[in-house]
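Here are the chains, one letter per residue:
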Protein chains: 2
Amino acid sequence: MIKKIALTGDRPTGCLHLGHYIGTLKSRVELQNSYEQYVMVADIQALTDYYSNPKKIADSLLEVVADYISVGIDPNISTIFVQSQIKALPLLNVLFMNMVTTSRLERIPTVKNEILQKGFGDSIPVGFFGYPISQAADITAFKAQIIPVGDDQLPIIELCNEIVRRFNRIYNTNCLLEAEAYLSKTTRLVGIDGQAKASKSLGNAIFLSDTPEVVKEKVFSMYTDPDHIKVSDLGKVEGNVVFVYLDAFHENKEEVAELKVRYQKGGLGDVALKSLLNNTLQNLLEPIREKRASLKKDFLMDCISDGTKRANIVADKTLEEVVEAVGLNYFA
Amino acid sequence: MIKKIALTGDRPTGCLHLGHYIGTLKSRVELQNSYEQYVMVADIQALTDYYSNPKKIADSLLEVVADYISVGIDPNISTIFVQSQIKALPLLNVLFMNMVTTSRLERIPTVKNEILQKGFGDSIPVGFFGYPISQAADITAFKAQIIPVGDDQLPIIELCNEIVRRFNRIYNTNCLLEAEAYLSKTTRLVGIDGQAKASKSLGNAIFLSDTPEVVKEKVFSMYTDPDHIKVSDLGKVEGNVVFVYLDAFHENKEEVAELKVRYQKGGLGDVALKSLLNNTLQNLLEPIREKRASLKKDFLMDCISDGTKRANIVADKTLEEVVEAVGLNYFA
């Protein structure tokens, strides 16, 4: 039986963190056995807002690949590749730009939010404005049908499918495939400061590569319940970051439920609670950290060089079909 | 002495006409001896608004090349190539999209006018919206410094130079060169109906490949002075299409000046005037038509295949420098 193709990616603008782990990396480790999986280091997309800091991107490239392999994404099973090195993608992107109107792009809520969050104001780089089209190129180049994402990415997959249907209809082809989102249970992890999203740029995330000391320090600085001063005080669970992380990462769900009851009644202190979370996270991160330490730079380079070669073959094949469908194969 | 590089191009959406001839083709024939000249068939740009009619583009490709060679652009001196076949262009375009904001694009008067003229309303294809960036990729890929254009294209060259300066500054390089417009004396030719611009889409142009009969018919249907009924009537020169064309194409400028005086005083009929213009145009077009008839399809294909190969080598070299400047040459 032919396996369906799954595609995911990350912008290399720093190391990956627990938000990535719970939101998508964990799924990828599971998915790689049931699907043919492509994992993309999205450096071209990172440039759409980090264009003036390309060093950050180059420096993060191997860190992200190390994160992938440390958590269990196997470069012999999954194809890990670098976006900028895939020759077919820019032309696909350019051709898809004719399938979408500017007002359609303006209506994508994900992009609207990001524009606000990044404070672009009226100065939105065209590349950033158009990145959902670039993502459609990424997805379709590999004929991916399964996209493990958070729910904030659903409108972008919707746009991708619109492009697919429009392109196939206009050019009378079926060479592009529609994709569907594979939503993970926890799609977004709050930051340790209680901010809506743990993020590299907000500096409120626990990184997969953080040392045990840093993890502990971050756990003990987590936002809990500001009115819960003494151990005997009644505590609030809602908005309490420690409980959010316990829900996400502690295996024993019953224990977490009991702790919530005790915390709300009073008598459970933040220190005890944070100690438990710290143990949970250290247990999760220890093998990842060990694996990471064993990875040599040359090995990581070989992995992405090899993955990129395999990915280029697949994407070239799709581009060939696309170029033929549009009728640009004059010299064939 | 190293020759400076000139670049021009045309969208292959039909045959070329007298407006192209006087606006740019004539200059190119002159320029090809003093500059290293690249002439691009801009099929990717044509797709930005003809995306649903790719057959029109494919069908026009060789017609446009035939027009080039018929007027005297020598494929052994100038490099004639096809935009879609230049591998470096889409990635340059994508990288340049980060150098420009959406509001900067919205302010380009040329694009504003075209959006109105084409009746896009709120449905502007992203590809069309961004075509000035794509043109910057075309220009810089060949390190072109001389761009023979009409004055309506000046804002696009201005944008290109902004991109060049910004890119070179951000990535600390000098691999991109600024370009300057080479304006021809007649930058825009009115249509035979008196409309502002002779254009393929308005159907008011005299094509280089029109038969003598069609040329004559078009000349004799030209808009003159609607109040000039009898030969003895006083005539108006302003807005009179026949005089616009005589100004543009009749070699003897003194004769045209005398005719204007006679026409305005009364006593010179439209038929005599149109006969003179017809002779002028037939003399201009006859050798072009003959040359065109001698061109075989295989020869035209060889010309652009060969030109495209030469162009790819140059553009690949530039892309290599650009990729290195941005720092995307991880595997180098």
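Residues numbered from 1 in each chain as written. Chains lettered and ligands numbered in written order. Predicted model: local features only at pLDDT ≥ 70, side-chain atom pairs only at ≥ 80, totals over all residues.

1. Here we look at the interface of chain A and chain B
Accessible area lost when the parts come together is the quantity often used to give the size of an interface.
Then step 1. Listed as interface residues are 40 residues of chain A and, on the opposing side, 40 residues of chain B.
Then step 2. When contributions to the side of chain A that touches chain B are tallied by element, the ones reaching two or more residues are helix 2 (43-50), helix 3 (54-71), helix 4 (89-96), helix 5 (102-106), helix 7 (126-129) and helix 14 (297-326) of chain A.
Then step 3. Residues that form the side of chain A that touches chain B fall into these classes: 23 nonpolar, 14 polar and three charged. (Contact = placed C-beta atoms within 7 Å. Helix = DSSP H or I, 4+ residues; strand = E, 2+ residues; numbered from the N terminus. Nonpolar A, V, L, I, M, F, W, Y, C, P; charged D, E, K, R; others polar.)

2. Thoughts on the relation of the copies chain A and chain B
Then step 1. Between chain A and chain B, which share one sequence, the superposing operator has a rotation angle of 180° and an axial displacement of 0.0 Å; the RMSD is 0.1 Å. This pairing of chains is accounted for by a two-fold axis. For chain A, the smallest separation between a C-alpha atom and the rotation axis is recorded for Pro90(A), amounting to 2.5 Å.
Then step 2. Taken together, the interface assignments show that 100% of the residues at the interface of chain A recur at the interface of chain B, consistent with an identical surface on both copies. (Least-squares fit on C-alpha atoms with pLDDT ≥ 70 in both.)

3. Some remarks on the domain arrangement of chain A
Residue and element names in this part refer to chain A.
Then step 1. Entries for chain A in the domain assignment read domain 1 (5-187 + 297-326) and domain 2 (212-292).
Then step 2. If you tally residues by element for the side of domain 1 that touches domain 2, the top one is helix 3, at four residues.
Then step 3. Along the lines of polarity and charge, the residues of the side of domain 1 that touches domain 2 split into four nonpolar, two polar and no charged. (Domains from an automatic or database assignment.)

4. Some thoughts on helix 10 (residues 212-220) of chain A
Structural remark: α-helix, 3.6 residues per turn; residues separated by three or four positions point the same way.
Residue and element names in this part refer to chain A.
Then step 1. All buried positions along helix 10 are accounted for by Val215, Lys218 and Val219. Axial view of helix 10: buried residues confined to an arc of 100°, hence all on one face. Turned more than 90 degrees from where helix 10 packs its buried face, Glu213 and Val214 sit exposed.
Then step 2. Buried residues belonging to helix 10 abut helix 13 (270-294). (Buried ≥ 20, exposed ≤ 12 C-beta atoms within 10 Å, placed from the backbone. Arc of directions from axis to C-beta.)

5. Regarding the nonpolar core
A general feature of soluble globular proteins is that nonpolar side chains tend to end up buried together.
Then step 1. If you look at the biggest cluster of nonpolar residues, it comprises 208 residues, and the most contacted ones within it are Val65(A) and Val65(B).
Then step 2. At ten residues, helix 14 (residues 297-326) of chain B tops the list of elements feeding residues into this core. (Core = buried A, V, L, I, M, F, W, Y, C linked by C-beta atoms within 7 Å.)

6. Thoughts on the packing of helix 8 (residues 131-141) of chain B against helix 9 (residues 154-170) of chain B
All names here are of chain B.
Then step 1. In contact at an axis separation of 9 Å, helix 8 and helix 9 are set at 70° when each is read in the N-to-C sense. The angle between the axes of helix 8 and helix 9 places the two elements in the roughly perpendicular class. Relative to helix 9, helix 8 is oriented so that their crossing is right-handed. The residues of helix 9 that touch helix 8, namely those facing Pro132, Gln135, Ala136, Ile139 and Thr140, are Ile156, Leu159, Cys160, Ile163 and Val164.
Then step 2. In the contact of helix 8 with helix 9, the residues fall into eight nonpolar, two polar and no charged. (Axes fitted to C-alpha atoms, helices over the stretch in contact; angles between N-to-C directions. Parallel < 35°, antiparallel > 145°, perpendicular 65-115°, else oblique. Left-handed = near helix turned anticlockwise from the far one by under 90°.)

7. Re the environment of Ile147(B)
Then step 1. Looking at the element boundaries, Ile147(B) is found in strand 4 (residues 146-149).
Then step 2. Linking Ile147(B) and Cys175(B), residues 28 residues apart in sequence, is a C-alpha distance of 18 Å.

8. Section: the pairing of strand 2 (residues 36-41) of chain A
All names here are of chain A.
Then step 1. With six of its six residues buried, strand 2 lies for the most part within the structure.
Then step 2. Where strand 1 (residues 5-10) lies against strand 2, six bridges are found, and the strand directions are parallel. Residue Thr8 lies in a different strand from strand 2, and its bridge partner there is Val39.
Then step 3. The parallel pair strand 1 and strand 2, bridged by helix 1 (residues 18-34), forms a crossover whose chirality is right-handed.
Then step 4. Direction of pairing for strand 2 relative to strand 3 (residues 79-82): parallel, over a ladder of four bridges. Of the residues in strand 3, the one forming a bridge with Met40 is Phe81. (Pairing = 2+ DSSP bridges. Right-handed = clockwise from strand over helix to strand, strands pointing away.)

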